[in-house]
Amino acid sequence: MITRLSQLFFRTLREDPADAEVPSHRWLVRAGYIRRAAPGIYTWLPLGLKVLGGVEQVVREEMDAIGAQEVRFPALLPREPYEATNRWTEYGANLFRLKDRKGTDYLLGPTHEEMFTLLVKDLYSSYKDLPLSLYQIQTKYRDEARPRAGLLRGREFVMKDSYSFDVDDAGLAASYEAHRQAYVRIFDRLGFEYVIVKATSGAMGGSASEEFLAVSPTGEDTFVRSPGGYAANVEAVTVPPPAEQDASGIGAAHTVDTPNTGTIVELVDVANAKFPRADRAWTAADTLKNVVFKLTYPDSRTELLVVGLPGDRDVDLKRLEAAVAPAEAAPVTDEDFQANPGLVKGYIGPIKVVDGVVEQHLGVEGPLKLRYLTDPRVVAGTAWITGSNLVDTHMTDVVAGRDFTADGVIDVAEVRAGDPAPDGSGPLSLARGIEMGHIFQLGRKYAEALGLKVLDENGKLVTVTMGSYGVGVSRAVAAVAEATCDDRGLCWPRELAPFDVQILAAGKGEEITATAERLAAELDVAGVRVLLDDRKASPGVKFTDAEVMGMPTSVVVGRSLADGLVEVRDRATGERAEVPVTEVVAQLIALVKG
Ligand code: ATP
Ligand code: MG
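The structure presented is a predicted model; accordingly, all values stated were derived computationally and were not measured.

Student: Even after reading the chapter, I still don't get the sheet that holds strand S5 (residues 76–78), so can you show me in this structure?
Tutor: Two strands in a sheet stick together by hydrogen bonds in their backbones, pointing the same way (parallel) or opposite ways (antiparallel). The sheet built from three strands is open, its strands ordered S5-S7-S6 with antiparallel pairing. Unpaired on one side and paired on the other, S5 and strand S6 (96–99) mark the two borders of the sheet. Direction aside, the axes of adjacent strands within the sheet are offset by 40° on average. Relative to strand S7 (residues 105–108), S6 runs antiparallel, the two being bridged by four bridges. Following the sheet pairing, Leu 98 is matched in S7 by Tyr 106.

Here you go:
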């Protein structure tokens, strides 16, 4: 069937939508692929729906190829299973919760581990039934704090989620590997540049986990790479701790007068002026900075957490959030300081001199009872200049492990380009990416919580071990658009394009119209997907729209038809070729059917 632009439900817009933050969002709206229904919620128009279907098709084929079977769950789900795993609460404000007319609680599924676990429990009871992989391509709901960039972070979005079920760890490793290979094929076919990085497992729990990130400056994730091939989301980077140091030559911790040194820069200047080192100047890296955060747990409980780290580093909020999940973290406010007079802003430190004696100040054992966690670089034997918990004074020669102990280690300092890589292969480099897929070895957490057990070979009941694997299907539409669009519009790879060829009847006259119609009909019969621009519009409008809409090839039937020629344009390369009208159909069939 030939699709005619005169009939197609779409409008191209000459203006950018006001809320467009990234090119993919701008062009998908301007080219008539999607429309916003509410913040983070989009309607798919005919053109957009075709691209979405194309992504689904790629994902479906590759999932089927590893023997995963497609099912589909409802989006509207009962509370009980999510209560059993504690995610009804743990998911926090991101979960859409609702009640039916009887007052019974429901939720709109953000991800379906619980439901899949229960379904398998319902039907299967023996090791002979396993391994099993199930998947669905389905609409998910998350009340994201910051929906942004159109389809990239929606509150309603399409995800492919699959789950593997195995009797033992070796089985899980094999299922995970099969999914990993399928993901490589999926993302190779979708055609954007991507990296596979070590990830944290977030609200899911579980152990081994990797993300597939589309490399893009507009991405919200930052990842690192080492010369030796180590790659990780910054959230998952672990800083190798330096060796413990010998502090026997360091004198006792003591107080120093440091007027007006509420910032690290001021402190370093005063230290160099008032108590300079013999060997070199003090730097920010010699200071131990203590930053306070307020953690809010899903059950609304709050806690102040003090993070101690070298003064030349800041806390990376995303790394912190990943480390304290499911709690959310925010910097403390002046009100929090007022409520905790033991915290002296700008002068916080792990120890305090009370009646001439050095005492631990921070930490659950200290007088404030606040949890105190330090950066991995703060190893035993390292000496620091740090706050004295009194205005205008600091303490120096404060030795970790000798003068204070933290409640634990927290690895949340910003990671910088040039930092040594954990694999020891050299400096790290940093780049940004869009999370397109995430694979985890969940283990037995969900099976245990929901009682999914099978009889093993020896007739013994064993808990099933699971994997969970997601692909952002609607996000992929935007990611491909983001990777391929230019300053004139969208530019689809052939596999995902809504149509193979756009034919433009560019000019008045019976012959132009008739020829465009005939070419469209011949291509259509040959199985080429044709979009015919038969609108009563000027050639200029048609040219512009064709570039905005982004089909890989267009054919202009215009003035040169008088010489028996049409023009074939390649959207990606911009190449134009005059082709005899008698040959163009065969040429296009060869191009499309390859
Ligand atoms: P993010 O870190 O981007 O919030 P996530 O880690 O919460 O994502 P998962 O639970 O791993 O996401 O979901 C699997 C996949 O679903 C992700 O890799 C991503 O491609 C997609 N996805 C997640 N949240 C959204 C969203 N709000 N809008 C569109 N796609 C999403
Ligand atoms: Mg994820």
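Student: It is not clear to me how the state of the cysteines should be interpreted in this structure. Could you clarify?
Tutor: A disulfide bridge is the covalent bond that connects two cysteines by way of their sulfur atoms. Within the structure shown, the criterion is met by zero disulfides. Free of any disulfide, Cys 485 has its nearest cysteine sulfur in Cys 491, 8.8 Å distant. Since its relative accessible area comes to 16%, Cys 485 is described here as buried.

Student: Which parts of the structure should I look at to understand the pairing of strand S3 (residues 41–44)?
Tutor: The side chains of a regular strand alternate between the sheet's two faces. By the bridge criterion, four bridges tie strand S2 (residues 34–38) to S3 in an arrangement that is antiparallel. Directly across from Arg 36, in S3, lies its bridge partner Tyr 42. Connecting the antiparallel pair S2 and S3 is a turn made up of two residues, with Gly 40 showing a positive phi of about 75°.

Student: Please explain empty space enclosed by the protein as it appears in this structure.
Tutor: If a probe as big as a water molecule is rolled over the atoms, it shows which places are left empty. A complete count under the given rule lists one cavity of 30 Å³ or more for this structure. Taken as a whole, the largest cavity spans an internal volume of roughly 60 Å³. Around the largest cavity, the lining residues are Arg 148, Leu 152, Arg 153, Thr 218, Gly 219, Glu 220, Asp 221, Ile 434, Glu 435 and Arg 475. The residue inventory of the lining of the largest cavity, partitioned by class, reads two nonpolar, two polar and six charged.

Student: Help me out: how do you make sense of the packing of aromatic side chains in this one?
Tutor: Geometrically, a pair of aromatic rings is defined through the distance of the ring centres and the angle of the planes. Under the defined criterion, the tally for this structure stands at 12 aromatic pairs. Where Phe 187 meets Tyr 194, the ring centres are 5.9 Å apart and the plane angle is 55°; that geometry is what we call tilted. By the burial criterion, Phe 187 is buried, and Tyr 194 matches it. Of the aromatic side chains, those joined through ring pairs into one cluster are Tyr 183, Phe 187, Phe 192, Tyr 194 and Phe 212. The positively charged end of Arg 97 is found above the aromatic ring belonging to Trp 88, 5.4 Å away from the centroid. Lying across the ring of Tyr 297, Arg 301 places its NZ or CZ 4.1 Å from the centre.

Student: It is not clear to me how the pattern of salt bridges should be interpreted in this structure. Could you clarify?
Tutor: Charged atoms that come close allow side chains of opposite charge to pair. Scanning the entire structure with this criterion turns up 44 salt bridges. A salt bridge links Arg 444 to Asp 169; its shortest N-O distance comes to 3.1 Å. Of this pair, Arg 444 sits in the loop between strand S24 (429–443) and helix H10 (445–450) while Asp 169 sits in helix H6 (residues 169–190); the two residues are 275 residues apart in sequence, bridging distant segments of the chain.

Student: It is not clear to me how the coordination of the magnesium ion (ligand 2) should be interpreted in this structure. Could you clarify?
Tutor: At 2.2 to 2.3 Å from the magnesium ion (ligand 2) lie its protein donor atoms, namely Glu 435 (OE) and His 438 (ND1). The exposure class of Glu 435 is partly exposed, given its relative accessible area of 23%.

Student: Is there a simple way to explain helix H14 (residues 584–593) in this structure?
Tutor: Count 3.6 residues to each turn of an α-helix, and residues three or four apart come out pointing the same way. Of the positions making up H14, those classed as buried are Val 584, Val 585, Leu 588 and Val 592. Looking down the long axis of H14, one finds its buried residues gathered within 95° of arc, a one-sided arrangement. Summarising the geometry of H14, the exposed residues directed more than 90 degrees from the buried face are Ala 586 and Lys 593. Turning to H14, the residues buried within the fold contact strand S28 (501–505), helix H12 (510–525), strand S30 (553–557), strand S31 (565–570) and strand S32 (576–580). Looking at the residues trailing H14, positive phi occurs at Gly 594, about 45°.

The rules behind the values
- Residues numbered from 1 in each chain as written.
- Chains lettered and ligands numbered in written order.
- Predicted model: local features only at pLDDT ≥ 70, side-chain atom pairs only at ≥ 80, totals over all residues.
- Heavy atoms only, no water.
- Pairing = 2+ DSSP bridges.
- Helix = DSSP H or I, 4+ residues; strand = E, 2+ residues; numbered from the N terminus.
- Axes fitted to C-alpha atoms, helices over the stretch in contact; angles between N-to-C directions.
- Disulfide = S-S within 2.5 Å.
- Buried < 20%, exposed > 50% of the residue type's maximum accessible area, 1.4 Å probe, protein only.
- 1 Å grid on protein atoms, 1.4 Å probe; cavity = no way out; pocket = protein on both sides within 12 Å on 5 of 7 lines; lining within 4 Å.
- Points joined across faces, edges and corners; volume = space filled by probe spheres on them.
- Nonpolar A, V, L, I, M, F, W, Y, C, P; charged D, E, K, R; others polar.
- Phe/Tyr/Trp six-rings, centres within 6.5 Å; stacked < 30°, edge-to-face > 60°.
- Lys NZ or Arg CZ within 6 Å of the ring centre and 35° of its normal.
- Salt bridge = Lys/Arg side-chain N within 4 Å of Asp/Glu carboxyl O.
- Donors = N, O, S within 2.8 Å, 3.2 Å for Na, K, Ca; no water.
- Arc of directions from axis to C-beta.
- Contact = heavy atoms within 4.5 Å.

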